[in-house]
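Single-letter residue listing:
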Amino acid sequence: MLGVQLAALLDGDTPGVAETLDLVTGFDDALTHGLARLGEERAAALVALAGAVSASPLGDRAGEAADKITAGSVAGDHLTALAGARTALLGAVHDALLGRLDTALGRTRATWEAPAAPAPAADHLLAAARSWLHELAIAGWRGVDHDLVSASSQTVEALLAEPRLRRVAVLLDGLAAELAACCPIATAPRVPARRWADLWGRAVLLAQGLPDEPAPEPVSGRLLVLGTDVHEHGTAVQVQVHGLLEPTGGGVARLVRASVSAAKVDTITGPAVWRLLHAHPVLLGALAERRSLDLTDMPLLAGGDLLWHDDRASAGEPADPFAVARVQLADALAPAVTPLDRHPARIAEPVLLEGYTVDGDGLVLDGHRLAVELDRLPGCGPLTPELVAASTACVGLVRWDAGRWSVQPLAVQATVKRKPVTAHTGDWALGPTDPKVVKAEAKAGDVVAVLRERAGRLLRK
C-alpha cells in the first residue's frame, strides 16, 4: 500500500456511516433492556431504524413491526423484520467501507450472484429456535437469567443432530454459552450489546430456513500463501490462510481463504495449538516451509473460502509471501461477499505495506498513520510487538472497527541487531524455531500429548 492509497483510505469519514451506526446502536440499546419494556426514547429508536429502510423492499414490514412492538405487541414476524432491517443497515455500512478500501487499493471484486433456489420448507426445529430468540428479545439482555439460557439446551441438541441445521445450532450454542457465562446479567457493569445483537440478528435470519448457498466450485491450480491468521478461543482454534489462487490453464489470480480448526481446552496455548491440527500435515508443512500448494479439485465457495481437504493438496515450490504480494496482489480478483457476511467487523483484506516507520501502535507512511492491532498477534507464532516495531515491511489484514481503520500484521520484514529478519505467523506450524521457546516448551512438557494420554486412559476404563 502506497502513501497515496493510504491517504485515499484515511482522509475523511465515509459519508453516512456514523449516522447509520447510531441507528443500529439505538436498536441494540432497546434490545438490551427488552422489547417488552420500551420507553419513549427506545420506541423512537425502533421507529428510526424502520424509517431508514422505508424505501427498500423491507420498508412496509419494518414500519409495521416497529409500530406493533411500540404498541406492546411483539410477534415473531415483527422481530424478523427488524432483524432484517438491522442487518441491511450494517450491510450498507460494510459495502460503503469495503468500496472505499477497494477504490483506494485499485482492487477488483467479483459480484455476488444469488442462487435460484426454492424457498425452504417449514421446520419444527427452526420454529423452536425462533421461539427462544423471541423470548430473548422480549426479556432483553438485562433480563436474561439461567432459566432462560438453559431453555435453549434441548433445541440446540436437536439442531446439532441435523447436519443441515448445524450452522444455526452452533450459533445458538455460542450465544447461549456467552449469556450463561455472564449471568446474572442484570447486575453486570457492561453488556456487549453490539456483539450479542449481531449474534441474535444473524440467528433470527438463519432460523427462517434460508435457501441453500451455491454449490462449491471445484478448483485446481497453485495456491500462493500471503499470510496466516489464527483465531483462538478457550475451546477452539482456527487457522485461516489468506492466499492467491493461480488457476490451472491461466486466468486472473483470485484472493481466497482456507480455514482449518480443532477443538481444544484452555490449558493448550502458545505453539502447542498447532499440534491440534495434525490432520492437515500438507497445509502445516507449506506454512512452516513457506511453500506454495498445488490444489486439485478443491471445493471453493462463492465467498472465497476453500473447503480444505488435505488429500487434494500437495507441497509445491518455495514461495516468498512478500514477493508474491509485491508482484501479484494488486491485480488479484477479490471474492464477492455473501449477503449475511456483509458486516463491518467482517472486513479483513490482505495488503502489503512498505517503507513506513513505526510510531507506538501505528504505522506512519507519507505522513499518514494507520493503527496496528498488536493485541491480535497470536501467541503461537514468532510475531511480537517488538518485531513489528522494528519492521519496515508488512503483509497484513486491513480491518475497520470502532470507527477507524487498522492493520493486523501477518508477516513482517525487520532489522534486528543489524541483521534482516523475516517472520510469519505460520512459521511455527511444525513447531517453534526460536531456541528459547523450544527450551521453555521442553521444560513445560507436551500438554497435548499428556491430555491425549489421560483421555485414552479414561476411555479404556
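Please refer to the structure higher up on the page.
Anyway, here's the lowdown on the structure attached to this text.

Rules used in this analysis
Residues numbered from 1 in each chain as written. Predicted model: local features only at pLDDT ≥ 70, side-chain atom pairs only at ≥ 80, totals over all residues. Heavy atoms only, no water. Helix = DSSP H or I, 4+ residues; strand = E, 2+ residues; numbered from the N terminus. Expected span 1.5 Å × (residues − 1). Buried < 20%, exposed > 50% of the residue type's maximum accessible area, 1.4 Å probe, protein only. Arc of directions from axis to C-beta. Contact = heavy atoms within 4.5 Å. Salt bridge = Lys/Arg side-chain N within 4 Å of Asp/Glu carboxyl O. Axes fitted to C-alpha atoms, helices over the stretch in contact; angles between N-to-C directions. Left-handed = near helix turned anticlockwise from the far one by under 90°. Nonpolar A, V, L, I, M, F, W, Y, C, P; charged D, E, K, R; others polar. Polar contact = N/O pair within 3.5 Å; in protein donor to acceptor, adjacent residues only side chain to side chain. Disulfide = S-S within 2.5 Å. Phe/Tyr/Trp six-rings, centres within 6.5 Å; stacked < 30°, edge-to-face > 60°.

### A few points about helix α4 (residues 59–70)
Thinking step 1. With twelve residues, α4 extends 17 Å from end C-alpha to end C-alpha; this agrees with the ideal 16 Å at 1.5 Å per step.
Thinking step 2. Buried within α4 we find G59, A62, A65, A66 and I69. Each buried residue of α4 lies within a common arc of 135 degrees when the element is viewed along its axis, so the set occupies one face.
Thinking step 3. On the buried face of α4, the contacting elements are α3 (40–52) and α5 (76–105).
Thinking step 4. Of the residues one or two after α4, G72 is the one with positive phi, at around 105 degrees.

### As for the pattern of salt bridges
Thinking step 1. Overall, the coordinates contain 23 salt bridges when judged by the stated rule.
Thinking step 2. Residue R164 pairs with E162 through a salt bridge whose shortest N-O separation is 3.9 Å.
Thinking step 3. Judged by its relative accessible area of 58%, R164 is exposed.
Thinking step 4. Residue D229 is joined to R399 by a salt bridge in which the shortest nitrogen-to-oxygen separation is 3.1 Å. Pair noted here: D229 is in strand β2 (residues 217–232) and R399 is in strand β13 (residues 391–401), with a separation of 170 residues, a long-range link. Accessibility assignment for this pair places D229 and R399 in one class, buried.
Thinking step 5. Each of D28, R86, R194 and D198 takes part in one network of salt bridges that share partners.

### Here we look at unusual backbone geometry
Thinking step 1. The linkage connecting C183 with the following residue, P184, adopts the cis geometry, with an omega of 0 degrees.
Thinking step 2. With respect to the secondary-structure elements, P184 resides in the loop between α9 (166–182) and α10 (193–206).
Thinking step 3. In this structure, D297 is a non-glycine residue whose phi angle is positive, near 55 degrees.
Thinking step 4. Within the element layout of this structure, D297 appears in strand β5 (residues 291–300).
Thinking step 5. You can call D297 partly exposed: its relative accessible area is 42%.

### Structural notes on the packing of helix α6 (residues 124–139) against helix α8 (residues 153–160)
Thinking step 1. At a minimum axis distance of 10 Å, the contact between α6 and α8 shows a crossing angle of 145 degrees. The crossing of α6 and α8 is left-handed. Between α6 and α8, the contacting residues are L125, L126, A128 and A129 on the first element and T155, A158 and L159 on the second.
Thinking step 2. Partitioned by chemical class, the residues of the contact of α6 with α8 number six nonpolar, one polar and no charged.

### Some words on the side chain of R107
Thinking step 1. Summarising the element assignment, R107 is placed in the loop between α5 and β1 (108–109).
Thinking step 2. A polar side-chain atom of R107 sits 3.2 Å from a polar atom in the side chain of E349.
Thinking step 3. There is a polar contact of 2.9 Å between the side chain of R107 and the backbone oxygen of P350.
Thinking step 4. Look past the residues within four positions of R107 in its chain and what remains in contact with it is D102, L255, L329, A332, A334, E349 and P350.

### Considerations on the state of the cysteines
Thinking step 1. This structure, assessed with the given rule, holds zero disulfides.
Thinking step 2. C183 provides the cysteine sulfur closest to C182, a residue in no disulfide bond, and the two sulfurs are 7.6 Å apart.
Thinking step 3. Classification of C182 as partly exposed rests on a relative accessible area of 35%.
Thinking step 4. On the accessibility criterion, C183 (14% relative accessible area) is buried.

### Considering the packing of aromatic side chains
Thinking step 1. Taken as a whole and judged by the stated rule, the model has two aromatic pairs.
Thinking step 2. Seen from their ring centres, F27 and W200 are 6.3 Å apart, and the 40 degrees between their planes marks the pair as tilted. Here F27, found in helix α2 (residues 17–33), pairs with W200, found in helix α10; they are 173 residues apart in sequence, far enough to count as distant. For the pair shown, F27 and W200 are each scored as buried.
Thinking step 3. Here W141 and W196 contribute two aromatic rings whose centre-to-centre distance is 5.6 Å and whose plane-to-plane angle is 65 degrees, an arrangement assigned as edge-to-face. Of this pair, W141 sits in the loop between α6 and α7 (146–150) while W196 sits in helix α10, and the two are 55 residues apart along the sequence.

### Some thoughts on helix α11 (residues 281–289)
Thinking step 1. L283, L284, G285, A286 and L287 are the residues of α11 that are buried.
Thinking step 2. On its buried face, α11 is in contact with β2, β3 (236–247), β4 (254–263) and β5.
Thinking step 3. Directly beyond the C-terminal end of α11, a positive phi value near 55 degrees is found at R290.

### Structural notes on the environment of L377
Thinking step 1. By secondary structure assignment, the location of L377 is in the loop between β12 (368–372) and α13 (385–389).
Thinking step 2. In the structure, L377 is positioned 31 residues away from Q408 in sequence and 7.6 Å away in space, judged by C-alpha atoms.
Thinking step 3. The contact partners of L377, leaving out residues within four places of it in the chain, are L383, T384, P385, V388 and P409.

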